[in-house]
Amino acid sequence: MKTSTIHVPSPLSLWTTVRSFGAFNVACSFAALWAFVKILRALRWRLKTTQLRGPPRTSFIYGVLRDLASSQDSAAMYEHWATEYGVVYMIPSIFGRPKVVLCDPRAIAHFYARETWTYVQTPFSLALLEGSIGRGILWSQGEAHRRQRKALTPAFSNAAIRKLTSVFYDSAYKVKGAWDTAIESSKDGDTVIEVQNWMNHISLDTIGVAGFSHDFGSLDGKRASVTEVFDTFGNNQQASAANRVFILLASEFPIIAKIPTKRTNLFKKLSVTMGDISNDLLIRSRREKDLNVSERDEEKSIIGLLIKSEGQDAELHMSEEEVVAQMKVLLLAGYETTSISLTWALIELSRNPDVQTRLREELFAFGADPTYDQLKANLAYLDAVVHEVLRLHPPVGEFTRLAAADDVIPLSEPVRMVSGEMTDSVSIAKGTLITISAAAINRSLAIWGPDAKEFKPDRWLSEDGISGKAKEVQGHRHLLTFVDGPRTCLGKDFAIAEFKTVLLVLVKNFVFEMRDGLDTPIEVARGILSRPRVVGEDGIGVPLRVRQYE
């Protein structure tokens with residue numbers, strides 16, 4: 001019986017064939033194949049996705065993304081388009097690729113309920129996160145995200161945070177001591193303090209002690225390597241036009257993010273620096289665990305839980321790479337988010353002296369520094385001020401995700417399609433980009449009412465202070481500041497407790513005013529996250545006039 005053999009060409013013969021065919025023809029063939037695949041995907045997308053109305057592109061290359069990136073208030077742009085085109089609409093992005101924007105509470109709730117599974121990080125986000133903080137909880141998706149989150153959850157329980165309240169107070173009182181010294185050495189009884197850097201250092205030292213039992217000492221004037229890298233971002237906040245273009249193109253072609261630029265080099269330096277610190281802290285903590293130093297409490301701390309998860313027999317095992325990535329995430333979050341919120345709080349209290357006075361009266365009427373449970377249950381006006389700051393100034397303003405599967409998103413009200421017909425649901429094809437502007441939803445006139453743009457803590461103090469539409473938003477206290485669903489911010493309660501503790505100590509002891517008067521203009525400066533800055537100041541300067549309260 002004859003058997004046939006299949007001849008496998010050698011690489012040399014393949015190369016000879018390619019050469020005989022011609023490099024140009026081969027390139028053309030690949031280009032044609034790429035174009036054919038793109039056309040097939042575009043046709044499938046058009047057939048599977050509801051065609052929605054939206055703004056026309058202002059640029060052939062960038063769609064409307066360059067307008068959004070250069071705007072001081074992109075949330076207002078999203079809100080304007082929602083008013084014109086409906087609660088769900090499309091915007092053109094790079095080379096006209098459509099993005100679906102959700103401004104409807106029911107649609108947003110549906111989206112967040114399916115995040116990490118149906119809706120996932122974009123390739124650009126994954127590349128950026130992996131390059132800067134590694135494959136931690138922000139990078140992971142699906143089952144890996146669930147496993148990592150479950151392993152970290154005990155560190156952010158009420159019981160765990162209750163034990164950390166003293167750490168929050170220690171940081172706040174360190175600042176009080178430093179500011180008292182500065183004011184007492186001033187001839188005028190007050191002094192101008194650049195508050196944003198102080199808030200950064202409060203947050204960094206707090207997460208160092210609370211999370212890793214390590215004092216970075218930035219409030220004592222020590223210059224740790226991590227603070228130097230973070231401050232470099234702070235002093236290079238204003239993104240150039242070229243840098244914005246680079247980021248926009250990289251969002252569509254992630255490989256561009258590999259090109260070395262000043263900004264990508266900064267992110268690499270940030271990753272290396274945080275990695276070195278995280279490894280040092282891990283080594284020290286493992287050594288202490290081996291010596292059985294407070295092992296019972298250590299297992300409930302952040303660093304203790306991370307070390308425990310490394311064990312091969314751990315139910316929720318994390319690799320060393322994942323452990324270091326979690327530490328980077330916590331360092332970054334500790335430096336950025338709470339410090340931004342505290343800075344905005346001091347700005348709003350300086351702009352609204354009546355609110356500042358009323359808050360101080362509540363704090364003095366309460367008496368001694370409250371415990372963690374009292375912070376949660378009492379001091380209603382402090383709670384209102386904190387949540388109004390979080391509503392108006394979310395540290396992360398918007399999110400974009402990629403549909404990993406076809407889906408149908410329900411709406412709370414119908415929208416008009418391109419065809420002119422109305423629909424009460426939107427079909428989404430795999431590969432569709434979805435954007436939600438948390439800032440736009442938090443400040444929407446349609447959702448929060450006619451006073452949505454105002455700093456008005458009183459809205460949180462009465463049943464009718466929050467409109468019916470706002471109550472449909474299914475985030476923490478009807479806000480998207482901490483997002484929602486499986487990716488709800490794990491450190492939410494930690495951040496709010498720290499926010500309240502630091503703010504109450506500062507407001508009880510100092511009076512804050514805008515250095516140049518109530519109408520001092522504030523702009524948004526872009527760094528790792530967007531930060532406030534007084535117009536005309538360098539870096540992230542927010543100079544306030546501060547005097548002791550007597």
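Residues numbered from 1 in each chain as written. Predicted model: local features only at pLDDT ≥ 70, side-chain atom pairs only at ≥ 80, totals over all residues. Heavy atoms only, no water.

Here we look at the overall build of the protein
Within the protein one finds 21 helices and 12 strands. Residues classed as buried in the protein amount to 53% of the 550 residues present. Considering only contacts within the protein whose residues lie at least 6 apart along the sequence, 73% involve residues at least 24 apart. Accessible area of the protein: about 25400 Å², with a carbon and sulfur share of 57%. (Helix = DSSP H or I, 4+ residues; strand = E, 2+ residues; numbered from the N terminus. Buried < 20%, exposed > 50% of the residue type's maximum accessible area, 1.4 Å probe, protein only. Contact = heavy atoms within 4.5 Å. Areas by Shrake-Rupley, 256 points an atom, 1.4 Å probe, with all protein chains shown as cover.)

Remarks on the packing of helix H9 (residues 195-212) against helix H21 (residues 492-509)
Direction vectors running N to C along H9 and H21 enclose 130 degrees, while the axes themselves pass 12 Å from each other. Comparing the axis directions of H9 and H21 gives the class oblique. For the pair H9 and H21, the sense of crossing is right-handed. Contacts between H9 and H21 pair Met199, Ile202, Ser203, Thr206, Ile207 and Ala210 from the former with Phe494, Glu498, Val502 and Leu506 from the latter. (Axes fitted to C-alpha atoms, helices over the stretch in contact; angles between N-to-C directions. Parallel < 35°, antiparallel > 145°, perpendicular 65-115°, else oblique. Left-handed = near helix turned anticlockwise from the far one by under 90°.)

Overview of the UniProt feature "binding site: heme" (unreviewed entry) in the protein
Under the UniProt annotation, the feature "binding site: heme" (unreviewed entry) is placed at Cys489. With respect to the helices and strands, cysteine 489 occurs in the loop between helix H20 (445-448) and H21. We classify cysteine 489 as partly exposed; its relative accessible area is 33%. For cysteine 489, the residues in contact, after removing those within four places along its chain, are Arg149, Phe482 and Val483. (UniProt positions renumbered as here; feature names shortened; annotations may be inferred.)

Looking at the sheet that holds strand E2 (residues 98-102)
Within the open sheet, the five strands sit side by side as E1-E2-E8-E5-E3. Their pairing is mixed. A strand with exactly one partner marks an edge of an open sheet, and here the two such strands are strand E1 (88-92) and strand E3 (119-121). The mean inter-strand angle of the sheet, taken between neighbouring strand axes irrespective of direction, is 40 degrees. Pairing of E1 with E2 involves five bridges; the strand directions are antiparallel. Residue pairing across strands places proline 92 opposite proline 98, the latter belonging to E2. (Pairing = 2+ DSSP bridges.)

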